[in-house]
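# Notes for the structure review
The lines below spell out each chain.
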Amino acid sequence: MVTEESIKQFSEQCSRIFEETGKDMIGQSEVVENTIVALIAGGNVLLEGVPGVGKTRLVRTLSRVFNLPFSRIQFTPDLMPADVTGTNIITKDEKGNSVFRFEPGPIFANLVLADEINRATPKTQSSLLECMAERQITVDGVTRPLEEPFLVIATQNPLETLGTFPLPEAQMDRFMFKIIVKNPSLDELMGIVNMTQKTMA
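Overview of the structure. (Residues numbered from 1 in each chain as written. Predicted model: local features only at pLDDT ≥ 70, side-chain atom pairs only at ≥ 80, totals over all residues. Heavy atoms only, no water.)

## Quick notes on the pattern of salt bridges
We count it as follows: Salt bridge criterion: a side-chain nitrogen from Lys or Arg within 4 Å of a carboxyl oxygen from Asp or Glu. Counting from the N terminus, the helices are DSSP H or I runs at least four residues long and the strands are E runs at least two residues long. Each residue is placed in one exposure class: buried if its accessible area under a 1.4 Å probe, protein chains only, is under 20% of its type's maximum, exposed if it is over 50%, and partly exposed if it falls in between.
Evaluated as defined, the whole model comprises 5 salt bridges. For Arg64, the salt bridge goes to Glu20, with nearest N and O atoms at 3.1 Å. Of this pair, Arg64 sits in helix α3 (residues 55-66) while Glu20 sits in helix α1 (residues 4-22), placing them 44 residues apart in sequence. Taking the relative accessible area as the measure of exposure, Arg64 reaches 40% and is therefore partly exposed. Overall, the relative accessible area of 27% leaves Glu20 in the partly exposed class. The partner of Arg101 in a salt bridge is Glu103, with the nearest N and O atoms 2.8 Å apart. Among the residues examined, Arg101 registers a relative accessible area of 39% and is labelled partly exposed.

Right under this line is the structure:
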């Protein structure tokens, strides 16, 4: 049962989440807020913006704040579906016999960053459809559940960028939000430079 006290506690927890995330992120407050809302609600997020505006940093920060296992998949034109989901490989058992063993792909994590998803071919993009909708993966007829919570945060470059493939409608339907990540202002850029220089020092 939802009580006034539980709502107050939830609000305080959300405030701490935003505060902790703000330690690593400068600006982009609307992007951060909507991404955290989706994470709490169990939805997937598509972030669209040019390279270098903090999309990957946001996902790494959320992984730290929520203390969730994090996996990053760099989507490229030569990426295959098995590179995402995992595949069966032949190994030797204790008796020296050849057996198949499933080698999980990077999709087996709580928080998955699908970086530059629209640089991969539609066939590889479709490897995410089952896991985003049903929280499970089927490889060679065997279905394996994914550990909860499970969230895919995908980034994509604007479609006018060279070497990109538009996401199919079936893929777009799997996202709770599509968020446009705008370029930071001059003041935000100065803050980003100061933050990254301290981190690298």
